[in-house]
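Chains, contacts and geometry: an overview
Spelled out from the first residue to the last, the chains are:
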Amino acid sequence: MHIVRQIPYGKVTTYGAIAGYLGSRRSARMVGWVLNRQKGKVDIPAHRVVNRKGLLTGKIHFDGSNLMQELLESEGVQIANNRIVDLEKHFWEPEVDC
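Residues numbered from 1 in each chain as written. Predicted model: local features only at pLDDT ≥ 70, side-chain atom pairs only at ≥ 80, totals over all residues. Heavy atoms only, no water.

A separate point is the confidence of the model for the chain. Model confidence for the chain is summarised by a mean pLDDT of 92, while 99% of its residues fall at 70 or above. Within the chain, strand β4 (residues 83-84) carries the highest mean pLDDT (98), whereas helix α6 (residues 94-97) carries the lowest (82). (pLDDT = per-residue confidence, 0-100. Helix = DSSP H or I, 4+ residues; strand = E, 2+ residues; numbered from the N terminus.)

Written out as structure tokens, the structure is:
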């Protein structure tokens with residue numbers, strides 16, 4: 001998950017953006033599956049990957065019910081109702097930045 005390690009502090013990307021960068025735009029679910037398999041690896045900032053609407057859909061895979069949200073908020077990303085407020089402001093596009 002080299003690409004996930006490159007997501008900057010305070011930024012997020014989507015499963016689909018990662019899949020697109022890898023050449024398989026329709027494989028967003030596979031990206032989620034792979035991230036779930038990396039559970040517990042502190043060098044992979046999986047909390048910075050959300051769905052295309054900015055929902056924290058991966059939060060069930062973090063210890064504690066709000067850990068994903070807490071990590072994002074500690075980086076200055078505002079969350080309301082399990083969704084990133086102003087996704088465009090915080091969005092990191094791997095195809096552009098890598």
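And the narrative resumes.
What follows covers the pattern of salt bridges. In total, this model carries 3 salt bridges according to the counting rule given. Between R25 and E95 there is a salt bridge, and its shortest N-O distance comes to 3.3 Å. Highlighted residues: R25 in the loop between α2 (15-21) and α3 (28-37) and E95 in helix α6, separated in sequence by 70 residues. We classify R25 as partly exposed; its relative accessible area is 48%. With a relative accessible area of 42%, E95 lands in the partly exposed category. A salt bridge links E75 to R48, with the shortest nitrogen-to-oxygen separation between them at 2.9 Å. Here the residue E75 occupies a position in the loop between α4 (67-74) and β3 (79-80), and R48 occupies one in the loop between α3 and β2 (49-50), the gap between them amounting to 27 residues. (Salt bridge = Lys/Arg side-chain N within 4 Å of Asp/Glu carboxyl O. Buried < 20%, exposed > 50% of the residue type's maximum accessible area, 1.4 Å probe, protein only.)

Summarising the element assignment, H47 is placed in the loop between α3 and β2. Exposure remark for H47: the relative accessible area of 9% places this residue in the buried category. Within the structure, the side chain of H47 is placed 2.8 Å from the side chain of E75, a separation counted as a polar contact. (Polar contact = N/O pair within 3.5 Å; in protein donor to acceptor, adjacent residues only side chain to side chain.)

Think of an α-helix as turning once every 3.6 residues; residues three or four places apart then point the same way. Of all the positions in α4, only M68, Q69 and L72 are classed as buried. The buried residues of α4 all sit within an arc of 95° when viewed along its axis, so they share a single face. Next to the buried residues of α4 lie β2 and β3. Taken from the residues just after α4, G76 is the one with a positive phi, measuring 90°. (Arc of directions from axis to C-beta. Contact = heavy atoms within 4.5 Å.)

Attention now goes to the environment of L55. Along the chain, the position of L55 falls in the loop between β2 and α4. Taking the C-alpha atoms as reference, L55 lies 5.8 Å from N82; in sequence the two are 27 residues apart. Not counting chain neighbours up to four residues away, the residues in contact with L55 comprise V50, N81, N82 and R83.

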